Amino acid sequence: MMSARYLGVSFFKGRIQLAEVEHAKSIQLTTLAERETALDFAQAGINLGPDHPQLNTFVKELGETIKQNKISTAHISFALPTDPVFINIIPVDSSLKGPDLSQYIQWEVDQYFPNVPPKDFLTTSHPLPETGSHVKQLFVVCVRRGMVGFLQRATTELKLKLHLIDIDHFSTEKTLFQNYPEVSDHPVALVGIRYGGVDASLVLDGSMIDYRAFVANSQEDVKKAIQNYLKYLKERNSVKAPSAMFLHGNEVTAELPKTLHKETGVQCVALNAVRKLAASGKLYKPFVQESYRFAAAIGLALRKA
């Protein structure tokens, strides 16, 4: 088997995180890196485009970080923060299919962005496993074409190949199951804690079956958001309670898992993104110890296909 390296890049609070994984006979995490960036992707995301004035600065910053860390990959992937992305779960009549379903999804998106032309979005959707007899729950993600165009041009300027563009919270699912394969057959909550918000999803059998986002501007807000999510899941009779919660993101603190466990009764851990992943001995130890901050970037780098 020929060796190939894949680079994942995520964005948190005005910083970029890089993770490189080598895929050979075995899989090894070869690089973890982080730096400040002049472009806060969460704030500027909706205004980005291939001709954005900060493109060259972003390319320079990312290129310097790649060079400084001797990253040798040809493939790069990006995890978008959830702030500038439209994510929603909408109920849909089970009989809707094809063009009728696409038209209905577009109508739903138009309710949130009435003044934005549909062509400005790239929209994807898929049904969640839990469905009713007449209504199914549809998971919808809309990304502005400008953001994609910005990353495509940056990749070209870096002379790399664009592999994937994903959402940071969902790219973390790959990291979760790589490092905690024992949880794949029962429901667990994946909780992303970022500056200004919380992303919470329920994952079962390797697939997301629920998602909600919360505004959270303090640690107290974070705790309330998680408690509200657990309450919401409990009130849904068709959804099993999570057996554990895994936290990731730049706002996770050492005490938060213990506090949440005490307050909710649910086992809670900071996601160890290198728990069952071979890691180079050259990695910066503080980054390894706080690998939950790199969970999205690692999840991307783990994906060859």
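Refer to the structure printed above.
Just so it is clear, the structure is predicted and the values come from calculations on it, not from any experiment. (Residues numbered from 1 in each chain as written. Predicted model: local features only at pLDDT ≥ 70, side-chain atom pairs only at ≥ 80, totals over all residues. Heavy atoms only, no water.)

J.: Please explain the overall build of the protein chain as it appears in this structure.
T.: Helix and strand content of the protein chain: 9 helices and 14 strands. Each principal axis of the C-alpha atoms in the protein chain carries an extent, and together these give about 55 × 45 × 45 Å. Looking at the protein chain as a whole, 52% of its 305 residues are labelled buried. The contacts of the protein chain with a sequence gap of at least 6 include a subset with a gap of at least 24, amounting to 64%. (Helix = DSSP H or I, 4+ residues; strand = E, 2+ residues; numbered from the N terminus. Buried < 20%, exposed > 50% of the residue type's maximum accessible area, 1.4 Å probe, protein only. Contact = heavy atoms within 4.5 Å.)

J.: Can you help me understand the nonpolar core in this one?
T.: Across soluble globular proteins, you tend to see nonpolar side chains buried next to one another. In this structure, Val 9, Leu 18, Phe 41, Phe 58, Leu 62 and Phe 139 are the most contacted members of the largest nonpolar core, which totals 37 residues. Ignoring sequence-local partners within four residues, the contact set of Phe 41 consists of Phe 11, Leu 48, Leu 80, Pro 81, Pro 84, Met 147, Phe 150 and Leu 151. (Core = buried A, V, L, I, M, F, W, Y, C linked by side-chain atoms within 4.5 Å.)

J.: Sorry if this is basic, but what is going on with the sheet that holds strand β3 (residues 27–36) here?
T.: Two strands in a sheet stick together by hydrogen bonds in their backbones, pointing the same way (parallel) or opposite ways (antiparallel). Pairing is mixed in the open sheet, where 6 strands are placed in the order β8-β4-β1-β2-β3-β14. Either end of the sheet is taken by a strand with one partner, and the two such strands are β8 (161–167) and β14 (278–279). Sheet contacts for helix α5 (residues 168–179): β1 (4–12), β4 (75–80) and β8; angle to β8, the most-contacted strand, approximately 105°. (Pairing = 2+ DSSP bridges. Axes fitted to C-alpha atoms, helices over the stretch in contact; angles between N-to-C directions.)

J.: I'm lost on the sheet that holds strand β12 (residues 244–248) in this one. Help?
T.: The 5 strands lie next to each other as β11-β10-β9-β12-β13, forming an open sheet whose pairing is mixed. What marks the edges here is a single partner per strand, and that holds for β11 (207–216) and β13 (267–270). On average, each strand axis in the sheet is tilted by 20° relative to the strand beside it, whichever way the strands run. Pairing of strand β10 (residues 196–204) with β11 involves 9 bridges; the strand directions are antiparallel.

J.: What's the story with the pairing of β1 in this structure? I'm lost.
T.: A regular strand carries its side chains on alternate faces of the sheet. Of all the 9 residues making up β1, 7 are buried; the element is thus mostly covered by neighbouring parts of the structure. Here β1 runs beside strand β2 (residues 15–23); their pairing, made up of 9 bridges, is antiparallel. Across the sheet, residue Gly 8 finds its bridge partner in β2, namely Ala 19. Counted between consecutive antiparallel strands, the loop separating β1 from β2 contains 2 residues, among which Lys 13 sits at a positive phi close to 50°. Bridge count between β1 and β4: 5 bridges; the pairing is parallel. Bridge pairing in β4 places Tyr 6 opposite His 75.

J.: So what exactly am I meant to see when it comes to the packing of helix α6 (residues 219–235) against helix α7 (residues 256–264) here?
T.: Helices that pack against each other are described as a pair by the angle of their axes relative to one another and the distance between those axes. Between α6 and α7, the least distance of the axes is 11 Å, while the angle of their chain directions is 45°. One element, α6, and the other, α7, form an angle in the oblique class. In this structure, the crossing between α6 and α7 has a hand that is right-handed. Across from Gln 219, Val 222, Lys 223, Ile 226, Gln 227 and Leu 230 in α6, the residues of α7 making contact are Leu 256, Thr 259, Leu 260, Glu 263 and Thr 264. Along the lines of polarity and charge, the residues of the contact of α6 with α7 split into 5 nonpolar, 4 polar and 2 charged. (Parallel < 35°, antiparallel > 145°, perpendicular 65-115°, else oblique. Left-handed = near helix turned anticlockwise from the far one by under 90°. Nonpolar A, V, L, I, M, F, W, Y, C, P; charged D, E, K, R; others polar.)

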